[in-house]
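Each chain, written out:
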Amino acid sequence: FFTATVLKCHLSNAKDEKYGQVGFYQVEFQDQNQEDAEGYTIHESQVVRLDEFLTDEQWKTLSEKYGLQKKTDKESKDKFARVRGWFCTDHTGDEIFSSITD
């Protein structure tokens with residue numbers, strides 16, 4: 001886990017049949033050298049908001065309190081769907097959310 005600042009985001013022209021376009025983020029890591037001032041481009045599946053980065057204990061607490069569950073599509077070619085996925089709770093049924101804070 002490395003903290004970084006998002007400089008900009010862009011969507012690829014290619015689309016996954018089921019999930020649509022893929023996002024890429026240009027980021028600047030906090031410990032980055034000045035010669036890398038352009039930043040690094042990383043896949044959307046590698047970007048997590050700081051307030052959603054949870055320890056195992058925090059995840060356990062949210063899971064127990066709200067019935068928080070992570071949903072992924074293990075068969076998808078889309079890396080975000082396969083690795084990061086979405087969230088749902090016992091309280092919201094089949095409704096899914098792209099972030100925990102939603």
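Look a little higher up for the structure.
A short tour of the structure in this document, coming up. (Residues numbered from 1 in each chain as written. Predicted model: local features only at pLDDT ≥ 70, side-chain atom pairs only at ≥ 80, totals over all residues. Heavy atoms only, no water.)

As for the pairing of strand E1 (residues 4–16)
If a strand is regular, its side chains alternate between the two faces of the sheet.
Phase 1 of the analysis: Across nine bridges, E1 lies against strand E2 (residues 20–29) in antiparallel orientation. Opposite threonine 5, over in E2, you have glutamate 28 as the bridge partner.
Phase 2 of the analysis: Counted between consecutive antiparallel strands, the loop separating E1 from E2 contains three residues. (Pairing = 2+ DSSP bridges. Helix = DSSP H or I, 4+ residues; strand = E, 2+ residues; numbered from the N terminus.)

Topic: the pattern of salt bridges
Phase 1 of the analysis: Tallying each qualifying case throughout the model produces one salt bridge.
Phase 2 of the analysis: Put simply, lysine 18 and aspartate 73 hold a salt bridge, and the shortest N to O gap is 3.5 Å. Linking lysine 18 in the loop between E1 and E2 with aspartate 73 in the loop between strand E4 (69–71) and helix H2 (79–84), this pair joins segments that are 55 residues apart in sequence. (Salt bridge = Lys/Arg side-chain N within 4 Å of Asp/Glu carboxyl O.)

Let's talk about the pairing of E2
Phase 1 of the analysis: Across four bridges, E2 lies against strand E3 (residues 40–43) in antiparallel orientation. Within E3, the position partnered with valine 27 by the bridge is tyrosine 40.

Quick notes on the side chain of serine 99
Phase 1 of the analysis: Structurally, serine 99 can be placed in the segment after strand E5 (86–88).
Phase 2 of the analysis: Engagement of the side chain of serine 99 in a polar contact is seen with the side chain of glutamate 52, the distance being 3.2 Å. (Polar contact = N/O pair within 3.5 Å; in protein donor to acceptor, adjacent residues only side chain to side chain.)

A closer look at the side chain of aspartate 73
Phase 1 of the analysis: With relative accessibility at 15%, the residue aspartate 73 sits in the buried group.
Phase 2 of the analysis: Within the structure, the side chain of aspartate 73 is placed 3.5 Å from the side chain of lysine 18, a separation counted as a polar contact.
Phase 3 of the analysis: The residues touching aspartate 73, leaving out its near neighbours within four places in the chain, are Lys18, Tyr19, Ala81 and Arg82. (Buried < 20%, exposed > 50% of the residue type's maximum accessible area, 1.4 Å probe, protein only. Contact = heavy atoms within 4.5 Å.)

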